[in-house]
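Here is how the chains run, residue by residue.
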Amino acid sequence: MNRKKILLTISSIVVFCMGLSYFLINKNIENQYANRLPEIPDLNDTSISFQKYIVNVNAKTISKPSVTNLGKLGMIYHANNYFEQAEVCYLLAIERAPKEWIWSYYLGCLKRELSDSVDAIKNFNNVLEIQPNIYLAWYYKAEAHNQIGETTQFEELLESLVGMDKKYFVLKNTKRTSYFPLSAYASLELAKSYHSSGKVLLAENQLKKLIASENSFGPAYKQLSIMYAEKGNRKLSEYYSERSKDLEDYRSPVDPWLDKLSFHSRTETYLLKQIEDAIRSNNLLWAMELVDFSLKKIPENKYIVSKAIRLYLSMNMGRKALPYLDVHLEAFKNDYNEIIGVGKGLSNSGLKSAAKKYFLVAEKSENQKPETKSRLAGFFFDRLGMKEKGVALMNELVAQYPNDPAVIGGATFLAIQQGDLINAKKYLLRLEKLDSKNPRINIFNGILAKNAGDVKGAIKYYESAFKETPDQVFIINYLTDYYRNNKMWTELADVYKTALKFSPNNPFIQEAYGSFLINCPNEHIRNPKQAKEFSERALINYRSDMRTQVVAGQSLAMAYFQLNEKDKALYYLQKTINTAKDARFPREFIASLEGKLREFKK
C-alpha cells in the first residue's frame, strides 16, 4: 500500500514537472516572439481612437504572441500603411506556423504593393507549395515576374489561368460579387503582354475571344481601342473606346483575403478607396458594409460622412442619411458643389425639409457665378415647391444682372413654369437681343408653342433646338413620339442617330434605337444586325435600369431570331423572362414573353 502511494506521488511529481517544463518552455518561446515585435511607430498624427486600437492589440499580442495575434497585428499595420511593422509581424507569424499559407499570402501582397517583386514571388511560391489552388497567388506571382522583365514566366502563368475552367475561380466566403472570373483578368494581361512584345495579331485575337466570352468586360474593349489607335485604325479605335464607356472599368479581380484588411483600417484614404472601388464595381452591399464600418470607427472624418450620405441617397435609403446631415452641413458649408449635390439627392429622395436646409446654405455661398445662382432659384421653385422664394431670388438676379444671358434664360424658363406668359415673352425677347444664337431660344419657343397647342410650331422649334442641343431628353421624346405617331420612320431614325452621335453611351437611346430597328414597319429601315448591336449595348450598359434591360433583352432575342441564331435568341429571351420575374413585371407582360419563347422553340 505504501509502495503504491509512493509510486502515485512520484507519478504526480513527474507529471507536474513535465507540465511545468512545458509551460516554462512555451513561455520562453512566447517571450522570444514578444520581444521581437516591432515598436509602435509614432502615432501623433493619427486619431485618438486609432492610437488606442493599436496600443490595445499590441499589448494583447505581447501577452499572447500566438500565430493569430501576430498575423492580426500585421494586418492592422498593413491596412494603415505601416509596412515595415507589418512585415515583421507577418514574418513572425510565418515562423510560428510555416504551414499556414495565409501569412505568406499577405506578406506577398505587401511586397507587391511596395514593388518588391523578387520577395513577392518568394512569398507567393510559399503559398503555392502549401495550397496550390490559391489562383490569385498565381496571378500576383505572374504580375511580379512581369515587373522584373521575366516575360516567359509571366505569360506561362497567365496561359495556365486562361486555360482553366471557370468553375475553379468561384470564390467562397466573399462579401463581394465577382462579376468576372480570374481568367478574364489573366486573358487581358496576356493580350497586353502579346501587344507589348510585338505579337499584335495574337493580342487582337486574345481580346476578341475574351469579349466573345465576357461581353461586358470593359477593360478588354479599352485595350482594343488602344491597339487600333496605334495601328492607325481610327474608326475601330473610336468604336471600341465608345463601347468601353458603356461598361464599368473593372481594374482588378475580387480578392476576399485583401478585403479583410479593410476591417483593420482606420485610415481615411484606404477606406475611401475601398468604398469607391466597391461602388465602381457595382458591389453596393459591400460598399454599404464598408461605409457603416467606417462611420463607427472614424465618425469624425467628414469625407467618410460625405461618402456615406451620397451612397445612402443613391440606394434610395435617404432616411439612413438623416442622422449625419447636421455634421455634414457644418463641415461642408463653404463647399457649394458638395452642398448642392447632397441637396439635390435629398430632394430626389423626397426629403424636402432636409433639402431645404442645404439649398438655404447654398444661397449664402459667395463668389458664385450668376448662372449658378439662377439655377439655385430654379431649385427652390421646382424641387422644393418654394415658388415665392424662387421667383424672388430670380427677380433679384435679373435686377442685378440684367444683361447676363444665363440669368435672363433662367428667368424665361421660370416664367414659363409659372404660366406667366407675359414675362416669359418679355424675357425671351430680351434674351434674343442679348444673344441671338443662344440655343435655349428655340427650346423656349418650342415649349411656348406646345403649351399653346401649336403642335407644328412646337415641332419646328424643337427640330431647330435638337440640331443645336441634341441631348435634351424631353425634346427627343417629343420628336420621337410625333414622328412615330405620324409614321415618319426616316425622321425617327435620324433623331436616334443624331442623339447617339452626341450621347453614344446613353442606354435609353441605345435601347430605343435597337427596338426601333427590329420593329420598324418600314422594311427598308429595319436592320436586325444593327438592332442586335444597340440592344446588346443597352442590355449590358452599367447605367441601364431594370426596365431598359428587360426591353433591350427582348429586342436582342428578336434580333438573334431574325438573324437565324436560334440558340442565342432562346438564351436571351429566357434570361429576359427571368429578369422580368425577379423585378416583378406585370403578369401580362411576362406571359407575352413566354408566348414568344414558345414561338421561338417551334
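Residues numbered from 1 in each chain as written. Predicted model: local features only at pLDDT ≥ 70, side-chain atom pairs only at ≥ 80, totals over all residues. Heavy atoms only, no water.

(A) Quick look at the overall build of the chain. In terms of helices and strands, the chain carries 32 helices and zero strands. A compact globule built from 602 residues would reach a C-alpha radius of gyration of about 25 Å, whereas the chain, at 32 Å, exceeds it by more than 25%. Across its three principal directions, the C-alpha atoms of the chain cover 120 × 65 × 55 Å. In the chain, buried positions account for 48% of the 602 residues. Of the contacts made within the chain by residues no fewer than 6 positions apart, 56% connect residues no fewer than 24 positions apart. (Helix = DSSP H or I, 4+ residues; strand = E, 2+ residues; numbered from the N terminus. Rg over C-alpha atoms; globule rule 2.2 N^0.38 Å. Buried < 20%, exposed > 50% of the residue type's maximum accessible area, 1.4 Å probe, protein only. Contact = heavy atoms within 4.5 Å.)

(B) Region of interest: the side chain of Arg280. Looking at where Arg280 falls in the secondary structure, it is placed in helix α14 (residues 268-280). Overall, Arg280 belongs to the buried group, its relative accessible area being 19%. A distance of 2.9 Å separates polar atoms of two side chains, one belonging to Arg280 and the other to Asp277. Once residues lying within four places of it in the same chain are set aside, the contact partners of Arg280 are Glu248, Asp249, Tyr250 and Arg251. (Polar contact = N/O pair within 3.5 Å; in protein donor to acceptor, adjacent residues only side chain to side chain.)

(C) Spatial organisation of unusual backbone geometry. Positive phi, close to 65°, is recorded for Asn282, a residue that is not glycine. Tracing the backbone shows Asn282 in the loop between α14 and α15 (284-297).

(D) How the structure looks around the side chain of Asn445. Here Asn445 is to be found in helix α24 (residues 440-451). What makes Asn445 buried here is its relative accessible area of 16%.

(E) Region of the structure containing the confidence of the model for the chain. Chain-level pLDDT for the chain is 92 on average; 95% of the residues reach the 70-or-more range. Segment residues 21-25: pLDDT under 50, and zero contacts once partners within four positions in sequence are set aside and those in other chains are kept. (pLDDT = per-residue confidence, 0-100.)

(F) Structural detail: the packing of helix α22 (residues 405-418) against α24. Two elements in contact, α22 and α24, have axes separated by 11 Å at closest approach and are oriented at 10°. In terms of orientation, α22 and α24 fall into the roughly parallel class. Here Ala406, Gly409, Gly410, Thr412, Phe413 and Ile416 of α22 lie close against α24, whose contacting residues are Arg440, Phe444, Ile447, Leu448 and Asn451. A class-by-class count of the residues in the contact of α22 with α24 yields six nonpolar, four polar and one charged. (Axes fitted to C-alpha atoms, helices over the stretch in contact; angles between N-to-C directions. Parallel < 35°, antiparallel > 145°, perpendicular 65-115°, else oblique. Nonpolar A, V, L, I, M, F, W, Y, C, P; charged D, E, K, R; others polar.)

(G) Inspection of helix α32 (residues 587-601) at higher detail. With 15 residues, α32 extends 21 Å between its outermost C-alpha atoms, agreeing within 8% with the 21 Å of an ideal straight helix rising 1.5 Å per residue. Regarding α32, the residues found buried are Ile590, Leu593, Leu597 and Phe600. One face of α32 carries all of its buried residues, which in axial projection span an arc of 75°. Among the exposed residues of α32, those oriented more than 90 degrees off its buried face are Arg587, Glu588 and Arg598. Lining the buried residues of α32 we find α30 (546-562) and α31 (566-582). (Expected span 1.5 Å × (residues − 1). Arc of directions from axis to C-beta.)

(H) Main features of the pattern of salt bridges. All told, the structure shown has 31 salt bridges when counted by the stated rule. When the shortest N-O distance is used, the salt bridge between Glu95 and Arg36 registers 2.7 Å. Taken together, the residues span a long stretch of sequence, with Glu95 in helix α4 (residues 83-96) and Arg36 in the loop between α1 (2-35) and α2 (48-63) at a distance of 59 residues. Note on Glu95: relative accessible area 41%, which makes it partly exposed. In this structure, the salt-bridge partner of Asp259 is Arg176, at a minimum N-O distance of 3.0 Å. In this pair, Asp259 sits in helix α13 (residues 256-259) while Arg176 sits in the loop between α8 (151-162) and α9 (182-196), placing the two residues 83 residues apart along the sequence. Like Arg176, Asp259 is buried. Here the salt bridges share partners, and the residues they tie into one network are Glu87, Lys111, Asp116 and Asp119. (Salt bridge = Lys/Arg side-chain N within 4 Å of Asp/Glu carboxyl O.)

(I) Quick peek at the packing of aromatic side chains. Using the criterion set out here, one finds 40 aromatic pairs in the structure. Seen from their ring centres, Tyr560 and Tyr572 are 5.7 Å apart, and the 5° between their planes marks the pair as stacked. Here Tyr560 is found in helix α30, whereas its partner Tyr572 is found in helix α31, with twelve residues between them in sequence. You can call Tyr572 buried: its relative accessible area is 11%. Put simply, the rings of Tyr90, Trp101, Trp103, Tyr105, Tyr106, Phe124, Tyr139, Tyr140 and Trp257 pair up and form one aromatic cluster. (Phe/Tyr/Trp six-rings, centres within 6.5 Å; stacked < 30°, edge-to-face > 60°.)

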